[in-house]
Amino acid sequence: MNRDYRPWGPLEWLLPKLQGDPWGLLGVLGTEDRCTAALDVMAPQLRASRFLKILDPHLSPIAAFNARFDEIQGRLIAGGTNAADIRTVDLLQDIDTMEEELAAFLETSGPRVVLDITSMPKRWFFPLIRFLLASPAVETLIVTYTSAQFYSEQLSSDPAALGPLPTFDEPRLSERYDELVVGVGFAPLGLKDLFETDPGKIRYLFPFPPGPPNFFRNWHFLRTLESEVENRNLQVEDRWQIHMYDVPSAFEALCRVTRNGERSCALAPFGPKTFSLAMCMFALAANKAGKEPVHVYYTQPRRYALDYTSGIREHAGVPDIKAYCLRIAGRDLYEL
Amino acid sequence: MARNPFQQLYVGEKVDPDEFVEIFSHKLVPYAMPLFQPGHVILSGVQGSGKSMLCKLLQPEVRLAYASISEPFPIPKESSRFIGAGINITTARCIEFGNRRAEAGDSTQELMFGDFFNYVVALDIIRSVRTLSADTSISSELGIKLEGERLSRFVHSVAESDVWEGYLKPSVDLGDLERRMWERLARYRRFMNGNDRALDPTVASSKTSAGEPMKILVNAFKSSGVVPSDVEFYVLVDQYEELEKIKSNGADADYRSVVNKVISRDPTLSYRLGTRGHGWRNHLNVFGSHGHLEQDRDYKLIEIDAILRGQEVRTTSVYPDFANDVFLRRLKYSASPGSARAKAGRISDALGRSPSPKDEATQLAGDDPAAVLRIDPSWPAEIAVELRELAKEDPLSAKLGEVWYRQKGTEKDGERPWDDRRKQYWRKERIELALLHIGSIRKQRAIYSGEENILGLSGNNILIFLSLCQHIWDYASQASSRNDRQPELPIAPSIQTIGVIQTARTWLDRIPSDYGRSDDRYKLIQLLGEKFSTALHGDLKMSNPGQNGLSLSIEELRENAEVFRFLVEAVDYGNLVMVEHATRNKDRKRRYKFYLNPLYCPVYRIPYQRSKEPMYVSIDRLKEWLSVAGIIERLEPPTIRRTAKPDAPMPLLEMMSPKH
Amino acid sequence: MSALIKLIEPWLFEADSDDLITLRDHLLWLQKELFDEYEPNRYESFDDRIVEWLLNVDDGDDRKSLFRMLNHLFFVGKQQFDSLCRAAFTDQTTRWIIDQANLNISESTLSSSLSMLVRDTWFCPITDSMRINSFLKLNGLRGHDHRPDWRSLEVFGSQPRLQNYVASEGIQRLVLLEDFVGTGNQLASCVRWAAETLPALPILVIPLVCCPRGIGTGAQLSTDYPNVTFSPTLTLRPELFLREAPQPDEPEIFSRVREVIMRIRVRLDGWEHHPFGYEATGALVALYSNCPDNTLPLIHHEGADWAPLFPRIRRS
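Residues numbered from 1 in each chain as written. Chains lettered and ligands numbered in written order. Predicted model: local features only at pLDDT ≥ 70, side-chain atom pairs only at ≥ 80, totals over all residues.

Helix and strand counts for chain C come out as 13 helices and seven strands. Pairs at least 24 apart in sequence give 69% of the contacts found in chain C among residues at least 6 apart. (Helix = DSSP H or I, 4+ residues; strand = E, 2+ residues; numbered from the N terminus. Contact = placed C-beta atoms within 7 Å.)

Turning our eyes to something else, we now look at the overall build of chain B. Counting its regular elements, chain B contains 27 helices and nine strands. A compact globule built from 660 residues should have a C-alpha radius of gyration of about 26 Å, and chain B, at 29 Å, falls within 12% of that. Viewed in the frame of its principal axes, chain B has a C-alpha envelope of about 100 × 70 × 45 Å. Expressed as a percentage of the 660 residues in chain B, the buried residues total 47%. Pairs at least 24 residues apart make up 75% of the contacts formed inside chain B by residues separated by at least 6 positions. (Rg over C-alpha atoms; globule rule 2.2 N^0.38 Å. Buried ≥ 20, exposed ≤ 12 C-beta atoms within 10 Å, placed from the backbone.)

Moving on, we get to the domain arrangement of chain C. Residues and elements named next belong to chain C. What the domain assignment lists for chain C is domain 1 (3–72 + 238–300) and domain 2 (78–235). The centre of domain 1, based on its C-alpha atoms, is set 34 Å off from the matching centre of domain 2. Taken together, the contact between domain 1 and domain 2 spans 12 residues of the former and 10 residues of the latter. When the residues that make up the side of domain 1 that touches domain 2 are grouped by side-chain class, the tally is six nonpolar, four polar and two charged. (Domains from an automatic or database assignment. Nonpolar A, V, L, I, M, F, W, Y, C, P; charged D, E, K, R; others polar.)

Mean pLDDT over chain B stands at 87; residues scoring 70 or higher make up 91%. Across residues 635–660 of chain B the pLDDT falls below 50, and counting only partners more than four positions away or on other chains, this stretch makes 30 contacts in the model. (pLDDT = per-residue confidence, 0-100.)

In this chain, P209(A) is followed by P210(A) through a cis amide linkage whose omega measures 10°. Structurally, P210(A) is set in the loop between β11 (201–207) and α6 (214–228). For the bond running from K169(B) to P170(B), omega is -25°, close enough to zero to count as cis. With a phi close to 55°, E165(B) is a non-glycine residue in the positive phi region. Inspection of the secondary structure assignment puts E165(B) in the loop between α6 (148–160) and α7 (174–192). Despite not being glycine, R416(B) shows a phi value in the positive range, around 45°. Structurally, the position occupied by R416(B) is in the loop between α17 (395–408) and α18 (424–441). With 17 C-beta atoms packed within 10 Å, R416(B) lands in the partly exposed category.

Listed per partner, the contact involves 31 residues of chain C and 26 residues of chain A. Of all the secondary-structure elements, those providing two or more residues to the side of chain C that touches chain A are α2 (18–33), α5 (78–101) and α6 (110–119) of chain C. Considering each element in turn, the side of chain C that touches chain A owes the most residues, 11 residues, to α5(C). Residues belonging to the side of chain C that touches chain A are distributed by class as follows: 13 nonpolar, 12 polar and six charged.

All names here are of chain A. Within strand β19 (residues 321–328), seven of the eight residues are buried, leaving the element largely enclosed by the surrounding structure. Note that strand β1 (residues 8–10) and β19 share three bridges and pair antiparallel. Directly across from W8, in β19, lies its bridge partner Y324. As defined by bridge partners, strand β6 (residues 140–146) adjoins β19 across six bridges and the pair is classed as antiparallel. Bridge pairing links I142 to C325 in β19. Taking the residues between adjacent antiparallel strands as the criterion, β19 and strand β20 (residues 331–332) are bridged by two residues, where A329 takes a positive phi near 50°. (Pairing = 2+ DSSP bridges.)

With that settled, the discussion passes to the sheet that holds strand β5 (residues 300–303) of chain B. Backbone-to-backbone hydrogen bonds join strands into a sheet, with any given pair of strands oriented parallel or antiparallel. Residues and elements named next belong to chain B. Here we have five strands laid out as an open sheet, ordered β2-β3-β4-β1-β5, and parallel in their pairing. Looking along the sheet, the strands with just one partner apiece sit at the ends: β2 (82–88) and β5. Taking the axes of each pair of neighbouring strands and ignoring which way they run, one obtains an average angle of 20° across the sheet. (Axes fitted to C-alpha atoms, helices over the stretch in contact; angles between N-to-C directions.)

We now examine the pairing of strand β4 (residues 86–90) of chain A. Residue and element names in this part refer to chain A. Alignment of strand β3 (residues 46–55) against β4, held across five bridges, turns out to be parallel. Within the sheet, the bridge partner assigned to I54 lies in β4 and is V89. Chirality of the crossover, the property in question, places the unit of β3, helix α3 (residues 62–78) and β4 among those that are right-handed. (Right-handed = clockwise from strand over helix to strand, strands pointing away.)

This part is about the interface of chain B and chain A. Contacts between chain B and chain A engage 37 residues on the former and 36 residues on the latter. Contributing elements (two or more residues each) for the side of chain B that touches chain A: α7 and α22 (518–538) of chain B. Looking at which element gives the most residues to the side of chain B that touches chain A, the answer is α7(B), with three residues. Of the residues contributing to the side of chain B that touches chain A, the split by class is five nonpolar, 18 polar and 14 charged.

This part takes up the domain arrangement of chain B. Segmenting chain B into domains produces domain 1 (25–309), domain 2 (319–353 + 447–513), domain 3 (357–441) and domain 4 (518–655). Centre-to-centre separation of domain 1 of chain B and domain 4 of chain B, based on C-alpha positions: 37 Å.

With that settled, consider the sheet that holds strand β12 (residues 239–242) of chain A. The sheet built from six strands is open, its strands ordered β9-β14-β13-β10-β11-β12 (chain A) with mixed pairing. In this open sheet, the two edge strands, each paired with only one partner strand, are β9 (163–164) and β12 of chain A.

This part takes up the environment of A342(B). Residues and elements named next belong to chain B. Within the secondary structure, A342 sits in helix α13 (residues 340–343). For the pair A342 and L331, spaced 11 residues apart in sequence, the C-alpha separation works out to 7.2 Å. Those residues in contact with A342 that lie beyond four places of it in its chain are K332, A335, S336 and P337.

Turning our attention to helix α7 (residues 247–257) of chain A. All of the buried residues along α7(A) are V247(A), P248(A), S249(A), A250(A), F251(A) and L254(A). Where α7(A) terminates, the next one or two residues include R259(A), which has phi positive at roughly 50°.

Below, the discussion takes up helix α9 (residues 159–169) of chain C. Counting buried positions over the 11 residues of α9(C) gives zero, only a small fraction of the element. Positioned one or two residues after α9(C), G170(C) has a phi angle of 70°, which is positive.

Turning to the environment of L268(C), a few remarks are in order. Residue and element names in this part refer to chain C. Examined against the element boundaries, L268 turns out to sit in the loop between α12 (252–264) and β7 (285–287). In this structure L268 comes out as buried when scored by C-beta crowding, with 20 C-beta atoms within 10 Å. Between the alpha carbons of L268 and A307 there is a distance of 9.7 Å; along the sequence they are 39 residues apart.

Between two packed helices, both the angle of their axes relative to each other and the distance between the axes serve to describe the pair. Residue and element names in this part refer to chain B. One can describe the packing of α17 onto α18 by two numbers: an axis separation of 10 Å at closest approach and a directional angle of 105°. Judged by the angle between their axes, α17 and α18 are roughly perpendicular. Contacts between α17 and α18 involve P395, L396, K399, L400 and V403 from the former and R427, R430, A434, H437 and I438 from the latter. Considering only residue class, the contact of α17 with α18 consists of six nonpolar, one polar and three charged. (Parallel < 35°, antiparallel > 145°, perpendicular 65-115°, else oblique.)

Mean pLDDT for chain C: 93, with 99% of residues reaching 70 or above. Of the two predicted TM-score estimates for the complex, the pTM is 0.92 and the ipTM is 0.93.

Okay, here's the thing in structure tokens:
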């Protein structure tokens, strides 16, 4: 075994191994059952918790959404969160406001922070992780992700045009990329446009395990891509099957294919948030190492289904929450 | 499997010279000549209308492609003396202007965007001139001389101009000029990405006014002798409609008005705004002015969809010719010499002709044609016998006879009155529906094959047409018994039918993954498809055979702007077709009729052809349906009708041309 | 022409067959992506096999039911298997070693500590169908010189010699891997033997793919033997099982296929009385290396009167 180990695993396994001061939790008040799971598990060890209620531009049906928000809010407050620590923000919020919200959270969180990305749109968690890692006030940072029992047929819609995620489009010398790595998900919203960037090589991160039913939907994603775009580089060997929850392995894969950032790269974080987290960490690591900026392209949906997911998956009788250490006692774990 | 000539549906940014020149069809060029003539142009069309292909002719790389293989450029010589450049709002990532918080007042966002826009376009103009000058034949033809003293004069003239507020001084050569421009854009990117807390002060203090720098650039090219004075400059602003979607902390900076500002009456250079459908009409403001743009005065409008459709009765549609040309070019591009593909002269050489309705009915009826009939038990025996006998040789006529008797009663009115020449319209309006009824009874699909059907199903959309061909070709290859797995031509109707169904399902299932309110549009299509299907299949008398469409009063639509905007979005994304029509009502008020995209019709087993009167529906009824489908909230009280004010742009609805 | 296309073409003209067109396309695509990897029949195309399989039944509706059932079949290809091998190591194995050695995950030396501990870990297969060599290579592990399959060891092995080997090699822990576990009955016996032979040695049992009933068996093993930890990499969800008795919320097609199974069971030779597979598991699963006997026999049985879709190579 000759690789760096980056601690990750079930939250109930990881937490006892990081004894110390209480934590500050930043999460999302959404419409999913699983948004409260991290709070429920961590409540006894929290000094502060804050939740962002992130609103789509066109919420519909409004009454149903509001009822669901109220229900989840009730659970969060019952779990120990102050009503004043529930902040309403927009999905398409500017990054200045994002930084301010984060700064307000860090004033009470303490140096040990948990960011729960379970219900957090990628447009938000990518820049937030960047800001958190840039903050010297954060000594230890964990990211958590809770699995759902069931996914809706139609998860989201109304995608914005393909564009970079906020803060992930620093100027580059060349417009072209040696590599484009795409996360495989359920619906290739606007993905066809991505191939206009004319990368040298396209790779796919295919989440496996887990298996069905998501497995079947992932194959459909690839099949749709093949029928929509010219069949470039869709070779079996360009499809990397990686355990969906194994963020470090996905990160390693990106390091290897780009030769630690020597080959230029663009990323498309479709598919599971765990792969997206790996992509985020890779882009930030490349940045820190002074490599050419890694651009991250996404078609941010502007409407999410009310029943995006339902239920909380359990493993061994407890909510299935995975936790990933990004920084421990000031030491960054995801570096090139 | 043999390579599918229709595999690549989208002609992307990357131009392969040989391939583009071979597959590009010139057929639309004569109808879009204003694109290649001085003056501003709005070019609108849904995806797949051929808009992108036309715009490609403005790109210098495409011009080079033609020159490289000694193919004549497809623009008439008198209109080909131009240099094209532009900006694609999406690929230029203009959306990032929503990343930073807008400062209150003073239109800061608009001013920044205008400056950014200027530099992107300016860089592209220089790039285009440089690209064209690198080719001997083109530079000679256009008279471009990017060298020596002329070039020095150009650089000096540009750098010294006050329009840049000193930012480009001192630039020693062209490379230096471009580098400074590029760096400025890089500073914008740094600011928009939060790498810099504030916009670089040298940039912030030297913002240019939208549209002005490009005029300086063009004049400098001409005054220095780099470019002759008779060469026009055309700038394409593509995906214009994306500007509306850039939001910043809830505030709506008016980026479209900034672009509208560049459409001035100064003839130095001409702009082409490429946009989807009708969406652009509701916003004709000009930044910094109280005025607004006017068609014909400020710009010409080219609506590709209308061109392809042709006028309703008199003018021949250009689409069949266009599609035929595209088809043959693709087919021949990779064909072996002497092969059937290489020798094909028409779509029908590969797909055959569509079956006649009589033949189709016979095929659908199968070995028990009398089973297609639903004889009413109350009818006289001789009518039942007549129809059953007739069904043996002509099941379609028999079915129409059944419908006739249902409608008109069983009083005999001559021999087969429905076949009478005087009833030809009655019959024509019901043929397609009769075929579907026959198919339904026999639990068979309708047959979709042949040039006519495939063209009809593609609904004047070249992208859909190519998609149909792709699927049909794929299946034909799989089903081929040839060693080389090439399809056997002409492709069997059964294969084409399956290819059509597969294409239809693919396009329908793709709607939720599209842009805009795609999820709601998908629900809308499901809703209407099922309503039409229920109405048509439940109508045994076929009293209303035209109910595969919806008719709504324009006045009611005007009073319900949100609903109308949604329907127009569905039209702009190609999910619906919208046509004005003459009402059957005594009030003679204008109405619009809406049909599903023809390609979806096989999925819902409704005719894609349009006949007679559509389903007349009130706006309240439609809103009820939309509400039940979860597309809109529960019904609200009617909105107050907006009226136009003298100095405000007219609402969308007022601008809808009655000429569709 | 594709044999499959020829067979099913008439179906595609019937009303309500849109799903068959989509399924046909999907299967043809998956054929080249996955199914042609099936090792027991490497040189015969899936296209020919599926036609022969559908022709097992004469009735058109039965054929359509079998065809529609394939929408629910889970085929684990070689790439998926490799991913399972990697996941087994990076996920369960690594965490287990950390727990066993009580490592401090905050230490900057964690990676090197883990490397040393992995060297003291013995990776072995439970049966010879688990390709231990691949597992080691995929994870960059040297492994120990001897990697016997423990099912054979249980029969032929000498407990004293085994104990001596463990001691002399300095082995501190044992990881037993298996490619597929159905009910867990086969695995339970040799895990018990391993736990009793080496009661002081921590043992991690990892099925790469595990059926729900195997979880119960594994849990019992962990209860009975404190030194045993059972941790599957991928647990199959209930929707992948067509049980003898209808289940709530099962796909509609299952009830039709159930009827077909009961009608053709006599043609399945030895499976006639177990038409839902070993221990009536009813799995809709095939691995690229073989089809488990927990899978519906109508998928894998090869006999005088039945052609398989994914023929199973039996152990004995």
